[in-house]
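Residue-level listing of the chains:
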Amino acid sequence: MILMLLVICVMLGACSPAVPPKPSDAPALAGMHTLIHNDDEGLALLPTIPKLSKRGINALVVEVNYNFDWKSHPELAADDGLTLQTAREVAKACRDNGIRIIPAFNCLGHQSWGERTMALLKVYPQLDETPGQYPKNKGIYCRSWCPLNPEVNPIVFDLMDELIDAFQAEAFHVGMDEVLIIASDFCPRCKGKDPAELFAKAINDYRAHLVDVNKVEMFMWGDRLINGADPATSYSKWEASFNNTYPAVDLIPTDIIICDWHYKEQESYGSIPYFLSKGFCVWPASCNEPAAASALIDYSQNYWSDPRMLGHLFTHWGLTDNQSLAKWPPLVKNFRKLR
């Protein structure tokens, strides 16, 4: 039966074989997303990992971003970033407890936060989508790098490779949520271009490197692929696109796994059947409100018989610490639904 489900998934263009096939009406991936900025936060995970496993968590997304002791690009290394040794310890603890580890790195967007510009654009400001604009990042949400600048991908691919090796991972999360700056009039390469085509090009570039070259699965947030004006969803500008990136959904391969995040309680979440109808595997994600997480899980259960519906991903975005993940209220309230 398991082999048959796996064959069906592949034939239907569903998840690649590394995602475990699942029986009807049960999740394949019960995940937790967390942040690691340094060795202390990595080491804090070690005693927590067995506790997460007991809660039923079988996948851990560890978002590192630039907070790593890079050897491929030491000019981008954080002063106290996560080291290779600690990353390997976290990866081993996950394997020993039956948890799949998925390193994450924000691509394209989220290249600044507040007045702080992240390492790539700080060291190489010429790679910015809005070069020379918005001093101290005033007037924007987050910076983006230019998806057409030929200098970007060779650097980013080196960082991806280093994280894949550090965690000995079989999957990688490229972020790509909340990309609000794209096809900017300030960019000599992107000005006048179609935002959806630019967004799709970036996705396809990363997929080619991760899936085709490294033979790992690619995960990404799905918000920029949702039409914010669609009355079937009624999502906010953060969880759906109002800047015309959403047609990219038809320009990318369906073996990319879509993490469909929604953090508020709703009666329905129309993006779930939408992504499923497009042929994607879907991993819905919640945040800090237990009732909202419960509503999203309950709605998702309507589709758990579909092999492309993977389960649920809990996130916290710094609202708790890595020592307390197994006590995260949305997980504590809802983990029995994921068994």
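Residues numbered from 1 in each chain as written. Predicted model: local features only at pLDDT ≥ 70, side-chain atom pairs only at ≥ 80, totals over all residues. Heavy atoms only, no water.

**Student:** What exactly am I supposed to notice about the overall build of the protein chain here?
**Tutor:** Helix and strand counts for the protein chain stand at 10 helices and 10 strands. For the protein chain, the C-alpha radius of gyration of 19 Å lies close to 20 Å, the compact-globule estimate for 339 residues. Its C-alpha atoms give the protein chain principal-axis dimensions of about 55 × 45 × 35 Å. For the protein chain, with 339 residues in total, the buried portion stands at 56%. For the protein chain, restricting intrachain contacts to residue pairs at least 6 apart in sequence, the fraction spanning at least 24 positions comes to 75%. With an accessible surface of roughly 13,800 Å², the protein chain has 54% of that area assigned to carbon and sulfur atoms. Side-chain charges in the protein chain split into 30 positive and 40 negative, and the spacing between the mean points of these groups amounts to 4 Å. (Helix = DSSP H or I, 4+ residues; strand = E, 2+ residues; numbered from the N terminus. Rg over C-alpha atoms; globule rule 2.2 N^0.38 Å. Buried < 20%, exposed > 50% of the residue type's maximum accessible area, 1.4 Å probe, protein only. Contact = heavy atoms within 4.5 Å. Areas by Shrake-Rupley, 256 points an atom, 1.4 Å probe, with all protein chains shown as cover. Lys, Arg positive; Asp, Glu negative; His and termini not counted. Charge placed at Lys NZ, Arg CZ, Asp CG, Glu CD.)

**Student:** What should I look at first to understand the pairing of strand 1 (residues 29–35) in this one?
**Tutor:** The two faces of a sheet get side chains in turn, since along a regular strand they alternate between them. Where burial is concerned, most of strand 1 is hidden: 7 out of the 7 residues are buried. Side chains Leu 29, Gly 31, His 33 and Leu 35 project from strand 1 onto one buried face, and the interleaved Ala 30, Met 32 and Thr 34 project onto a second face that is buried too. In terms of strand pairing, strand 1 meets strand 10 (residues 311–314) through 4 bridges, oriented parallel. Along strand 10, the bridge assignment pairs Leu 29 with Gly 311. The pairing of strand 1 with strand 2 (residues 59–63) spans 5 bridges and is parallel. Each residue of the ladder has a partner; that of Leu 35, found in strand 2, is Glu 63. (Pairing = 2+ DSSP bridges.)

**Student:** When you look at the layout of surface pockets in this model, what are you seeing that I'm missing?
**Tutor:** A water-sized probe, rolled over the atoms, reveals where empty space remains. There is about 640 Å³ of room inside the largest pocket. Lining the largest pocket we find 20 residues, and of these Glu 63, Asn 106, His 110, Trp 113 and Trp 317 sit closest to its centre. The calculated volume of the second largest pocket comes to roughly 210 Å³. Lining the second largest pocket we find 13 residues, and of these Leu 76, Ala 77, Ala 78, Arg 116 and Ala 119 sit closest to its centre. Residue assignment for the lining of the second largest pocket shows that the elements contributing at least two residues are strand 5 (116–117) and helix 5 (119–123). A total of 3 residues in the lining of the second largest pocket trace back to one element, the largest contributor, which is helix 5. By residue class, the composition of the lining of the second largest pocket is 7 nonpolar, 2 polar and 4 charged. (1 Å grid on protein atoms, 1.4 Å probe; cavity = no way out; pocket = protein on both sides within 12 Å on 5 of 7 lines; lining within 4 Å. Points joined across faces, edges and corners; volume = space filled by probe spheres on them. Nonpolar A, V, L, I, M, F, W, Y, C, P; charged D, E, K, R; others polar.)

**Student:** I keep staring at the confidence of the model for the protein chain and nothing clicks. Help me out?
**Tutor:** Detailed reading of predicted coordinates is not advised where the pLDDT is low. On average, residues of the protein chain score 93 in pLDDT, and 92% of them are at 70 or above. With pLDDT under 50 throughout, residues 1–13 is counted as low confidence; its partners more than four residues away or in other chains account for 14 contacts. (pLDDT = per-residue confidence, 0-100.)

**Student:** What's the story with the side chain of His 209 in this structure? I'm lost.
**Tutor:** Relative to the helices and strands, His 209 resides in helix 7 (residues 195–213). Relative accessible area serves as the criterion here: at 11%, His 209 is assigned to the buried category. What His 209 contacts, discounting residues up to four positions off in sequence, is Phe 157, Met 160, Asp 161 and Asn 214.

**Student:** In this structure, what is going on with the packing of helix 6 (residues 152–167) against helix 7? I would like to understand it.
**Tutor:** Each pair of packed helices can be described by the angle between their axes along with the distance between the axes. Orientation of helix 6 relative to helix 7, taken along the N-to-C sense of each, is 40°, at an axis distance of 11 Å. Relative to helix 7, helix 6 is oriented oblique. Where helix 6 crosses over helix 7, the two elements pack in a sense that is right-handed. Contact residues: Asn 153, Phe 157, Met 160, Asp 161 and Ile 164 in helix 6; Asp 205, Tyr 206, His 209 and Leu 210 in helix 7. Of the residues assigned to the contact of helix 6 with helix 7, the class counts are 5 nonpolar, 2 polar and 2 charged. (Axes fitted to C-alpha atoms, helices over the stretch in contact; angles between N-to-C directions. Parallel < 35°, antiparallel > 145°, perpendicular 65-115°, else oblique. Left-handed = near helix turned anticlockwise from the far one by under 90°.)

**Student:** Honestly, the nonpolar core in this entry has me stumped. Any pointers?
**Tutor:** Note on soluble globular proteins: their nonpolar side chains tend to be buried together. Of all hydrophobic cores here, the largest spans 91 residues; its most connected members are Trp 145, Phe 167 and Tyr 206. With 10 residues, helix 6 is the single largest residue contributor to this core. Listed in part, the 18 residues of the second largest apolar core include Val 61, Trp 221, Cys 259 and Leu 310. (Core = buried A, V, L, I, M, F, W, Y, C linked by side-chain atoms within 4.5 Å.)

**Student:** When you look at the packing of aromatic side chains in this model, what are you seeing that I'm missing?
**Tutor:** The geometry of an aromatic ring pair is captured by the separation of the ring centres together with the interplanar angle, meaning the angle of the planes. Taken as a whole and assessed by the stated rule, the structure comprises 14 aromatic pairs. When the centroid spacing of 5.7 Å and the interplanar angle of 75° are considered together, the rings of Trp 113 and Tyr 141 count as edge-to-face. Taken together, the positions of Trp 113 in strand 4 (residues 112–113) and Tyr 141 in the loop between helix 5 and helix 6 put the pair 28 residues apart, joining distant regions of the chain. You can call Tyr 141 partly exposed: its relative accessible area is 25%. The structure contains a cluster of three or more aromatic residues connected by ring pairs, namely Tyr 66, Phe 68, Trp 70 and Phe 105. (Phe/Tyr/Trp six-rings, centres within 6.5 Å; stacked < 30°, edge-to-face > 60°.)

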